[in-house]
Amino acid sequence: MEIIKAKAKDAKDIQKIIKELTIPANSKKDTGFVDYNIPKIGTISNRIKNSNFCYVVLDRKKVIGFNMAYEQKALRKLDKDRDPIIIYFSKETEKDFIYWDLLGVAKHKQDQDLGSELTKQLISDAKAEGYKAIYAVIVEKPHYNPASTSLLTKEGFSRKKALKVRDLTFGIYKLKL
Ligand SMILES: CC(C)(COP(=O)(O)OP(=O)(O)OC[C@H]1O[C@@H](n2cnc3c(N)ncnc32)[C@H](O)[C@@H]1OP(=O)(O)O)[C@@H](O)C(=O)NCCC(=O)NCCS
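Predicted model only: the values in this text are computed from it and were never measured.

Draft legend 1. Seen up close, the overall build of the protein. Secondary structure assignment for the protein yields 6 helices and 9 strands. At 15 Å, the protein has a C-alpha radius of gyration in line with the 16 Å of a compact globule built from 177 residues. Oriented by its inertia axes, the alpha-carbon framework of the protein measures out at about 40 × 40 × 30 Å. Taking all 177 residues of the protein together, 35% fall into the buried category. Look at the contacts in the protein between residues 6 or more apart in sequence, and 64% of them connect residues 24 or more apart.

Draft legend 2. Quick look at the site of the ligand. Residues in contact with the ligand amount to 24 residues; listed here are only the nearest, Q110, G115, S116, A147 and L151. Of all elements in the fold, only β6 (97-105), α5 (114-128) and α6 (146-154) reach the threshold of two or more residues within the shell around the ligand. Ranked by residues supplied to the shell around the ligand, first place goes to α6 with 6 residues. Tallied by class, the residues present in the shell around the ligand amount to 10 nonpolar, 10 polar and 4 charged.

Draft legend 3. Representation of the packing of helix α1 (residues 11-21) against helix α2 (residues 41-50) in the model. Axis separation between α1 and α2 bottoms out at 9 Å; the angle between their running directions is 115 degrees. Relative to α2, the crossing made by α1 is right-handed. Of the residues in α2, those in contact with A11, K12, I14 and Q15 of α1 are I41, I44, S45 and I48. When grouped by side-chain class, the residues that make up the contact of α1 with α2 number 5 nonpolar, 2 polar and 1 charged.

Draft legend 4. Local environment of α1. Those residues of α1 not exposed but buried are A11, I14 and I17. Projected down its long axis, α1 shows its buried positions confined to an angular sector of 125 degrees, all on one face. For α1, exposure combined with an orientation more than 90 degrees from the buried face picks out K12 and K19. Residues of α1 that are buried make contact with α2, β5 (62-71) and β6.

Draft legend 5. Structural detail: the pairing of β5. Within β5, 7 of the 10 residues are buried, which leaves it mostly tucked inside the rest of the structure. Bridge analysis of strand β4 (residues 53-59) against β5 gives 7 bridges, and the strand direction is antiparallel. Bridge pairing in β5 places Y55 opposite N67. Between the end of β4 and the start of β5, which pair antiparallel, lie 2 residues, with R60 showing a positive phi angle near 45 degrees. Summarising the sheet, β5 and β6 pair through 7 bridges and their orientation is antiparallel. Within β6, the position partnered with F66 by the bridge is G104.

The rules we used
Residues numbered from 1 in each chain as written. Predicted model: local features only at pLDDT ≥ 70, side-chain atom pairs only at ≥ 80, totals over all residues. Helix = DSSP H or I, 4+ residues; strand = E, 2+ residues; numbered from the N terminus. Rg over C-alpha atoms; globule rule 2.2 N^0.38 Å. Buried ≥ 20, exposed ≤ 12 C-beta atoms within 10 Å, placed from the backbone. Contact = placed C-beta atoms within 7 Å. Near = placed C-beta within 6 Å. Nonpolar A, V, L, I, M, F, W, Y, C, P; charged D, E, K, R; others polar. Axes fitted to C-alpha atoms, helices over the stretch in contact; angles between N-to-C directions. Left-handed = near helix turned anticlockwise from the far one by under 90°. Arc of directions from axis to C-beta. Pairing = 2+ DSSP bridges.

Structure follows, in structure tokens:
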């Protein structure tokens, strides 16, 4: 198993995992991307090309997990993708933060510490490059995601406020680096 920086060509495999992990808001599952508008392969590869903080986990060269986060200058370029949370963070005036968008591990590889490892890699790279904070968001209502909430809390993130986007309420979490 190895964690490396994602390349544009990984977009297709990442999209496949996103599809596998997307759940409806009324799902009873304890984790998943809630009612997520699945990005096109071109959108995902554009996000990878514009950011230094996108990763994949490989198992025998196969992508089994990914982590996508964007620095501020990347957010401004991604704005046109019309993701409401990306738009929200692209307007943030605070300096030197990273917006952590998506973390996903293929179902058959969950509970093996990969989510934690991907998180630690992002945090240590962001620190090394002099960033001051990482922001993450998790859907809290109508679906609650105990897996990501406890992962974020374990890694030192704290909840700052709520953000309502259409029918979903997100919790905004921050880690000071
Ligand atoms: C969230 C996710 C990435 C975690 O990945 P993972 O590789 O299974 O997680 P790990 O094995 O590294 O576990 C790390 C921590 O996460 C938490 N966690 C993971 N799965 C959990 C679950 N089902 N219930 C409660 N906590 C859970 C725990 O705190 C765990 O630490 P512990 O093992 O010391 O208790 C994975 O469940 C996933 O892909 N979910 C679907 C997509 C999603 O919702 N992503 C987050 C929103 S962007």
